[in-house]
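Listed below, chain by chain, are the residues.
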Amino acid sequence: MKRQKLIFGILIGSFFTAFMALSNLNKTYLKIFPQYLHSLCESRKEDIEALNNLCDAANIEINDSFDEYSALKFVETTQKQFFNRQPKQERWEKSPLEWIDKNSDKVSSALKTLGFFDSVLPEKTEYDAICILGAAGPTMQNRIKFVEQLVKNGLTTQRIVLLTGERYLTENIDGTAQELADLGRHFGIENQKLTETHLFKYLYEKSGLNGKFKLIVIDTPQKNGCRPTTQTTLEKFLEWKKNNSDVNNVLFISNQPSVKYQQAVIAEVIYYYKSKLNFEVVGEEYKNINLQRAVGELGAYIWAVMPRILRGKDIDANENFIGLAKKLYGHQPIFYNDILNSRTKLA
């Protein structure tokens, strides 16, 4: 009996020691988790743990020696491990990543915690403008329907803006061959000349929103042979806003899992142009979840938000830092200049 009590006491003591060690390890981990990534997760414990789990699944190492150069290396690594999309590639053209499929449960749980699945709803009921962001045909259709539902629930505005442009339509991405042929006949032009702007206007005209609000179409042209992006369409919108000074409170319509990325891009463009525009980005929940795409959107968000996180910090902008910044952001001057305009101490 004494021997049994002794063994039981040893087991309880070992369990308590292990429990305290794990608790202390968790506290230590949260303490040393790099400040840049704390900012990325807005210092929420559950988000930090979710991001760490994703990095672990993707074999991305994070340690306590993380500095501003490491922050850019983290962007570079996540571009490869999360995004896997080449320049000028569309989302639907990128190759799948094996580690995501092998860790699907862990990945799905982490992305939900990080806010890439659930709906993001407006904080107010009235805005000066509702701006619907352009996308592939079915996505634009869903965004219009999302606005219809918000309006039914009491959302009001003076005008609706379609942020779109000169992206030529792709069969089976924007619609079937028959749908694109019908669209061409509707506008009286050849199918190969149809752009996202034509389709967006057509979908809006067929919706329950048509005729209820003043409609503004921001038709953004290609630039240097590249299709319009969230950044370039927003720049075009800000040009329009100069002659519409009463538009100061705007609701942008995206959808999951793209809300965070598009919010980061919009915030960066508004900061760069010193606009005083107040805005929110909202979007419908992610229904037919594709983990490959969702992880890609997380990678895009990390890329887009890092300049803001670095902004205002004392950075040792040595040759390595500047070289990597140029590699990651040199093709996007707005983001690149924001990094170099941090409180840099040039080597």
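Residues numbered from 1 in each chain as written. Predicted model: local features only at pLDDT ≥ 70, side-chain atom pairs only at ≥ 80, totals over all residues. Heavy atoms only, no water.

Colleague: Sorry if this is basic, but what is going on with the overall build of the chain here?
Modeller: Helices and strands together make up the secondary structure of the chain, namely 14 helices and nine strands. By the burial criterion, 45% of the 347 residues in the chain qualify as buried. Here the chain has roughly 18500 Å² of accessible surface; of this, 49% comes from carbon and sulfur atoms. (Helix = DSSP H or I, 4+ residues; strand = E, 2+ residues; numbered from the N terminus. Buried < 20%, exposed > 50% of the residue type's maximum accessible area, 1.4 Å probe, protein only. Areas by Shrake-Rupley, 256 points an atom, 1.4 Å probe, with all protein chains shown as cover.)

Colleague: How do you make sense of the pattern of salt bridges when you look at a structure like this?
Modeller: If the charged atoms of two oppositely charged side chains come close together, the side chains can form a pair. Taken as a whole, this structure holds 14 salt bridges when the rule is applied. Ionic pairing is found between E268 and R311, a salt bridge with its closest N-O pair at 3.2 Å. In this pair, E268 is assigned in helix α11 (residues 259-272) and R311 in the loop between α12 (291-310) and β8 (314-315), connecting sequence segments 43 residues apart. E284 is paired through a salt bridge with K287; the nearest N and O atoms lie 2.8 Å apart. Judged by its relative accessible area of 21%, E284 falls in the partly exposed class. One continuous salt-bridge network, built from bridges that share partners, spans E42, R44 and D47. (Salt bridge = Lys/Arg side-chain N within 4 Å of Asp/Glu carboxyl O.)

Colleague: Help me out: how do you make sense of the nonpolar core in this one?
Modeller: Within soluble globular proteins, side chains that are nonpolar tend to cluster in buried spots. Grouped together as the largest cluster of nonpolar side chains are 76 residues, with contacts concentrated most on W99, L111, F237, F252 and Y329. Ranked by residue count, the leading element in this core is α12, at 13 residues. Not counting the four nearest positions on each side in its chain, F237 is found in contact with C131, V161, L163, I218, V247, V250, F252 and L277. Counting 25 residues, the second largest nonpolar core, distinct from the first, contains I132, I160, L203 and Y204. (Core = buried A, V, L, I, M, F, W, Y, C linked by side-chain atoms within 4.5 Å. Contact = heavy atoms within 4.5 Å.)

Colleague: What am I meant to see in unusual backbone geometry here?
Modeller: With the exception of glycine, the majority of residues adopt a negative phi angle, and the majority of peptide bonds are in the trans configuration. For the bond from Q256 to P257, the omega torsion is 15°, close enough to zero to count as cis. Despite not being glycine, S43 shows a phi value in the positive range, around 60°. Its location among the elements puts S43 in the loop between α2 (35-40) and α3 (45-57). Of the residues examined, S43 reaches a relative accessible area of 46% and is grouped as partly exposed. A positive phi angle, close to 60°, is found at N59, a residue other than glycine. Within the secondary structure, N59 sits in the loop between α3 and α4 (68-83). Classification of N59 as exposed rests on a relative accessible area of 71%.

Colleague: How do you make sense of the sheet that holds strand β2 (residues 129-133) when you look at a structure like this?
Modeller: Sheets are built from strands paired through backbone hydrogen bonds, the pairs being either parallel or antiparallel. Strand order in the open sheet formed by five strands is β5-β4-β2-β6-β7, and the pairing between neighbours is parallel. Each edge of the open sheet is held by one strand with a lone partner, namely β5 (214-220) and β7 (278-284). Each strand of the sheet is rotated relative to its neighbour by a mean of 25°, with strand direction disregarded. Lying on the sheet, helix α10 (residues 230-241) is in contact with β2, β4 (159-165), β5 and β6 (249-255); it crosses β5 at an angle near 125°. (Pairing = 2+ DSSP bridges. Axes fitted to C-alpha atoms, helices over the stretch in contact; angles between N-to-C directions.)

Colleague: What exactly am I supposed to notice about the environment of I60 here?
Modeller: With respect to the secondary-structure elements, I60 resides in the loop between α3 and α4. Using a relative accessible area of 10% as the deciding quantity, one classes I60 as buried.

Colleague: Any chance you could explain the packing of aromatic side chains here in plain terms?
Modeller: For any pair of aromatic rings, the description rests on two quantities: the centre-to-centre distance and the angle between the ring planes. Summed over the entire model, instances satisfying the criterion amount to ten aromatic pairs. Measuring from centroid to centroid gives 4.6 Å for W303 and F335, while their planes differ by 40°, and the two rings are tilted. Taken together, the residues W303 in helix α12 and F335 in helix α14 (residues 333-340) connect sequence positions 32 residues apart. The exposure class of F335 is buried, given its relative accessible area of 1%. What links up through ring pairs into an aromatic cluster is the set F237, W240, F252 and F279. Above the plane of the ring of Y301 lies K260, whose end atom (NZ or CZ) is 5.6 Å from the centre. Residue placement shows R311 over the ring face of Y271; its charged tip is 3.5 Å from the ring centre. (Phe/Tyr/Trp six-rings, centres within 6.5 Å; stacked < 30°, edge-to-face > 60°. Lys NZ or Arg CZ within 6 Å of the ring centre and 35° of its normal.)

Colleague: I'm lost on the packing of α10 against α11 in this one. Help?
Modeller: Geometry of a packed helix pair, given as the angle between the helix axes and the separation of the axes. At a closest axis distance of 10 Å, the pairing of α10 and α11 adopts a crossing angle of 45°. Considered as vectors, α10 and α11 are oriented oblique to each other. Crossing angle aside, the handedness with which α10 passes α11 is right-handed. Residues T230, Q231, L234, E235 and L238 of α10 pack against Q262, V265, I266, V269 and I270 of α11. (Parallel < 35°, antiparallel > 145°, perpendicular 65-115°, else oblique. Left-handed = near helix turned anticlockwise from the far one by under 90°.)

Colleague: Teacher, can you tell me more about the packing of helix α8 (residues 177-187) against helix α9 (residues 196-205) here?
Modeller: At their nearest, the axes of α8 and α9 sit 11 Å apart, and the two run at 85° to each other. In terms of their interaxial angle, α8 and α9 are classed as roughly perpendicular. Contact residues: α8 offers L183, H186 and F187, while α9 offers H198, L199, Y202 and E205. Here the contact of α8 with α9 is built from residues that sort into four nonpolar, two polar and one charged. (Nonpolar A, V, L, I, M, F, W, Y, C, P; charged D, E, K, R; others polar.)

Colleague: How should I be thinking about the pairing of β4 in this particular structure?
Modeller: A regular strand places its side chains so that they alternate between the two faces of the sheet. Most of β4 sits inside the fold, with seven of its seven residues counted as buried. Along β4, one buried face is formed by R159, V161, L163 and G165 and the opposite face, lined by I160, L162 and T164, is buried too. Judged from the four bridges that link them, β2 and β4 form a sheet pairing that is parallel. Within the sheet, the bridge partner assigned to L133 lies in β4 and is L163. Where β4 lies against β5, seven bridges are found, and the strand directions are parallel. Looking at the pairing, R159 lines up with K214 of β5.

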